Amino acid sequence: MALIVAGVSHVTAPIDVREKLTFSARDAIRELARLRSDGIIREGVILSTCNRTEIYAVEESKSALPDISALLTDRLGADAAGFMYVHRDREVATHLFGVAAGLESMILGEAQIQGQVKDAWEQCRAESGAILNRMFQSSLLAASRAREETGIGRGAASVSSAAVQLAKKIFGGLAGRRAMVLGAGDVAEIALQCLLDEGVRVAIVANRTHERALTLAERHGATAMHYDECWASLRDVDVLICSTASPVPVVTVDRVRESIEARGDRPLCILDIALPRDVEAAVGDIENVYLYDLDDLRAAAAANLEQRGEDVPAARKIIAEEVQKYWDWVAGLAAVPVVREFREEMDKLRSTELAAAFRRLGPLSPEQADAIEHFSKSLMNKFLHEPSVRLKAAAANGRGLGVVDAARYLFALEKTHSEPENRDSPD
C-alpha cells in the first residue's frame, strides 16, 4: 500500500490548461470507481477547484501513476506531464494539509479552500476508505488550527475579495457604482458581500436558477434578476463578476456588443473568477471592456503573500505537527499486522526447531525442558525486537509505506492484510 497524489495547480499550469482538467462530482465518482474496479487503486478522492485539480489515491499492488496520469493526458493531451506534479506517502499528507490551510492558494490563506476540500472528500466518500478518510479529516483539523492559532487568514482572503479589490483599483473606488454578479454559489456570495462592503449602490444577482438568485439577493439586500433578462443590464453596470458552474462560456462577444454601444464611453470591468471560464476571451478585445481572469489576480496574490508571509512559518509548524500525528496512525495501521505476522511465523519456526531439539536430546526433566524453552523464547524475542521497532519507525519516518511490503517479501509473509472493514469510518 502507498499513497500518491498527482495534479496541476495555478503554480504549474495556466488557466487555459486548468479549465480543461476540471471534474464535476459525477465525473470524479465515475473515474475513481473505474480505477478501483480495474484494481489500480484501493481508495480515491478528486479535488477539483478553480486553481487546482488533484487526484489522491491509495495504490493497489502496483503504481497507479500511469493510470492517474492518463486521466489528465486524455483531457489535455501529451503535454499534460509538463504541468503535473506528483507526491508520495508522507508528502501527500503534507501537501493536502497545506492546501486545506490555504498555504498553497493563489490568495494566501484563503478560507474557501477548506470548504472545497471538505466537499470533495464528502462527494467521493463512496470511493475513499479508512486511509483517505482519516487524511482528509486530519487536513481539516490542521487547517482550522492554522487559522485559529496564526494570522494566516486575517483580512480579505479569497479570490472573490481579490477580484473586488482589483475592480476598486481600476475605478479608484466602488462607492456609488453599479455591479452585477453572475452565479449564486459560495464564491458569488462572497463577491456580492465584498461589493456591498465597498459601497456599491446597486447590486444585481443573476443565475440560471432564479430561486437561488432570489435567495442570495434577499439575504444581502440586492436585486435578483432572471438569467435571460440580465444581459440587457450590461449597459448599466460598471462591474460584472462571473462565477457560474457552466462548462462553456456564457458571457459571449455577441451578448456584450449588444449592450456596449448604449454605454457610451463608460468602461465595463469584467472579472471572470470561474473555471472553466465564463467569458469568451475575445470579449477583452472590445473597446472599453476590461476583462480579467483568475491568472490576472496573481498581482493581488503577491501583495497578499507579502502581508501574511510572517504567519507562514507558524502555520507550517502546525501542519507538520498534524502530519506527524496522522502518519503515526498510518504507520501503526500498516506495520502492526506485519509485525504480528512476522513474530507469529518466527514463533512457529522456533517451536518446530525446539521440538526437533527435544527429540535429539532424549529424556529431560520438566525443569530442564522449561529452561530450554524459556531460552528459545528469550533468544527469539531479542532477535525480533530491533527489527520490529525499526519496521514501525521506518513506516512512520517518511521513507514510505513500501518498507512494510519489503518486510513481507524478505520474510516470506504471503498473507495480504486488508484495511479495516468499515470503509466510511476513519477510526
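Refer to the preceding data block for the structure.
Residues numbered from 1 in each chain as written. Predicted model: local features only at pLDDT ≥ 70, side-chain atom pairs only at ≥ 80, totals over all residues. Heavy atoms only, no water.

1. Re the pattern of salt bridges
Thinking step 1. Under the criterion given, the structure shown has 24 salt bridges.
Thinking step 2. Residue glutamate 345 is joined to lysine 348 by a salt bridge in which the shortest nitrogen-to-oxygen separation is 3.5 Å. With a gap of three residues between them, glutamate 345 and lysine 348 both fall in helix α12 (residues 312–361), about one helical turn apart.
Thinking step 3. Glutamate 345 sits in the partly exposed class, given a relative accessible area of 30%. (Salt bridge = Lys/Arg side-chain N within 4 Å of Asp/Glu carboxyl O. Helix = DSSP H or I, 4+ residues; strand = E, 2+ residues; numbered from the N terminus. Buried < 20%, exposed > 50% of the residue type's maximum accessible area, 1.4 Å probe, protein only.)

2. Here's the deal with the side chain of aspartate 295
Thinking step 1. Checked against the element boundaries, aspartate 295 lands in the loop between β10 (289–292) and α11 (298–308).
Thinking step 2. A relative accessible area of 18% means that aspartate 295 is categorised as buried.
Thinking step 3. At a separation of 2.9 Å, a polar atom in the side chain of aspartate 295 contacts the main-chain amide nitrogen of isoleucine 15.
Thinking step 4. When residues no more than four places from it in sequence are discounted, the contact partners of aspartate 295 are Pro14, Ile15, Arg18 and Met106. (Polar contact = N/O pair within 3.5 Å; in protein donor to acceptor, adjacent residues only side chain to side chain. Contact = heavy atoms within 4.5 Å.)

3. Observations concerning the sheet that holds β10
Thinking step 1. The parallel open sheet is built from six strands, whose spatial order is β7-β6-β5-β8-β9-β10. Every interior strand has two partners, whereas the edge strands, β7 (223–226) and β10, have only one. The sheet shows a mean angle of 20 degrees between the axes of neighbouring strands, direction not considered.
Thinking step 2. The pairing of strand β6 (residues 202–207) with β7 spans four bridges and is classified as parallel. Each residue of the ladder has a partner; that of alanine 206, found in β7, is methionine 225. (Pairing = 2+ DSSP bridges. Axes fitted to C-alpha atoms, helices over the stretch in contact; angles between N-to-C directions.)

4. A short note on the side chain of threonine 252
Thinking step 1. Relative to the elements of secondary structure, threonine 252 occurs in the loop between β8 (239–242) and α10 (253–260).
Thinking step 2. Classification of threonine 252 by relative accessible area gives buried; the value is 18%.
Thinking step 3. From its side chain, threonine 252 meets the backbone nitrogen of arginine 255 in a polar contact 3.3 Å long.
Thinking step 4. Apart from residues no more than four positions distant in its own chain, threonine 252 is found in contact with Glu280 and Val283.

5. What to know about the layout of surface pockets
Thinking step 1. The space that makes up the largest pocket amounts to roughly 1,300 Å³.
Thinking step 2. If you go around the largest pocket, you meet 40 residues; those closest to its centre are Ser48, Gln116, Thr244, Ala245 and Leu275.
Thinking step 3. Contributions of two or more residues to the lining of the largest pocket are made by α2 (25–37), β2 (41–48), α5 (112–123) and α8 (186–197).
Thinking step 4. Among the residues making up the lining of the largest pocket, the classes are represented as 19 nonpolar, 14 polar and seven charged. (1 Å grid on protein atoms, 1.4 Å probe; cavity = no way out; pocket = protein on both sides within 12 Å on 5 of 7 lines; lining within 4 Å. Points joined across faces, edges and corners; volume = space filled by probe spheres on them. Nonpolar A, V, L, I, M, F, W, Y, C, P; charged D, E, K, R; others polar.)

6. Quick look at the pairing of strand β9 (residues 268–272)
Thinking step 1. Counting buried positions along β9 gives five out of five residues, so the element sits mostly inside the fold.
Thinking step 2. Inspection of the sheet shows β8 paired to β9 by four bridges, in the parallel sense. Within the sheet, the bridge partner assigned to cysteine 242 lies in β9 and is aspartate 272.
Thinking step 3. Of the crossover connections in this fold, the one passing from β8 over α10 to the parallel β9 is right-handed.
Thinking step 4. Relative to β10, β9 is paired through four bridges, and the arrangement is parallel. Bridge pairing links leucine 268 to valine 289 in β10. (Right-handed = clockwise from strand over helix to strand, strands pointing away.)

7. Examining the nonpolar core
Looking at soluble globular proteins, one finds that nonpolar side chains tend to be buried together.
Thinking step 1. The biggest cluster of nonpolar side chains holds 58 residues, and the ones touching the most others in it are Leu3, Phe97, Val117, Met135, Phe136 and Tyr326.
Thinking step 2. Ignoring any residue separated from it by four or fewer positions in sequence, one finds tyrosine 326 in contact with Leu3, Ala93, Phe97, Ile131, Arg134, Met135 and Ser138.
Thinking step 3. Counting 35 residues, the second-largest nonpolar core is a separate cluster that includes Met106, Ile107, Ala179 and Ala184. (Core = buried A, V, L, I, M, F, W, Y, C linked by side-chain atoms within 4.5 Å.)

8. So, empty space enclosed by the protein
Thinking step 1. One pass over the structure, following the stated rule, counts two cavities of 30 Å³ or more.
Thinking step 2. Of the voids in this model, the largest cavity is the one considered here, and its volume is about 70 Å³.
Thinking step 3. For the largest cavity, the full set of lining residues is Cys50, Glu110, Gln112, Gln116, Ser158, Val159, Ser160, Val187, Ile190 and Ile273.
Thinking step 4. Of all elements in the fold, only α5, α7 (159–171) and α8 reach the threshold of two or more residues within the lining of the largest cavity.
Thinking step 5. A breakdown of the residues in the lining of the largest cavity according to their chemical character gives five nonpolar, four polar and one charged.
Thinking step 6. Each pocket or cavity is described by its volume, and for the second largest cavity that value is around 50 Å³.
Thinking step 7. Surrounding the second largest cavity, Thr49, Cys50, Asn51, Arg52, Ser105, Glu110, Ile113 and Gln116 form its lining.
Thinking step 8. Residues of the lining of the second largest cavity, tallied by class, amount to two nonpolar, four polar and two charged.

9. Considerations on the environment of alanine 371
Thinking step 1. Considering the arrangement of structural elements, one finds alanine 371 in helix α13 (residues 366–396).
Thinking step 2. The exposure class of alanine 371 is partly exposed, given its relative accessible area of 45%.
Thinking step 3. Along the primary structure alanine 371 and lysine 118 are separated by 253 residues, whereas in three dimensions their C-alpha atoms are 59 Å apart.

10. Quick notes on the sheet that holds strand β3 (residues 52–59)
Thinking step 1. Read across the sheet, four strands follow the order β2-β3-β1-β4 without closing on themselves; strand pairing throughout is antiparallel. Two strands close off the open sheet at either side, each with one partner strand: β2 and β4 (85–88). For this sheet, the mean angle separating the axes of adjacent strands, direction not counted, is 15 degrees.
Thinking step 2. By the bridge criterion, four bridges tie strand β1 (residues 3–9) to β4 in an arrangement that is antiparallel. Counted as the bridge partner of isoleucine 4 is arginine 88 from β4.

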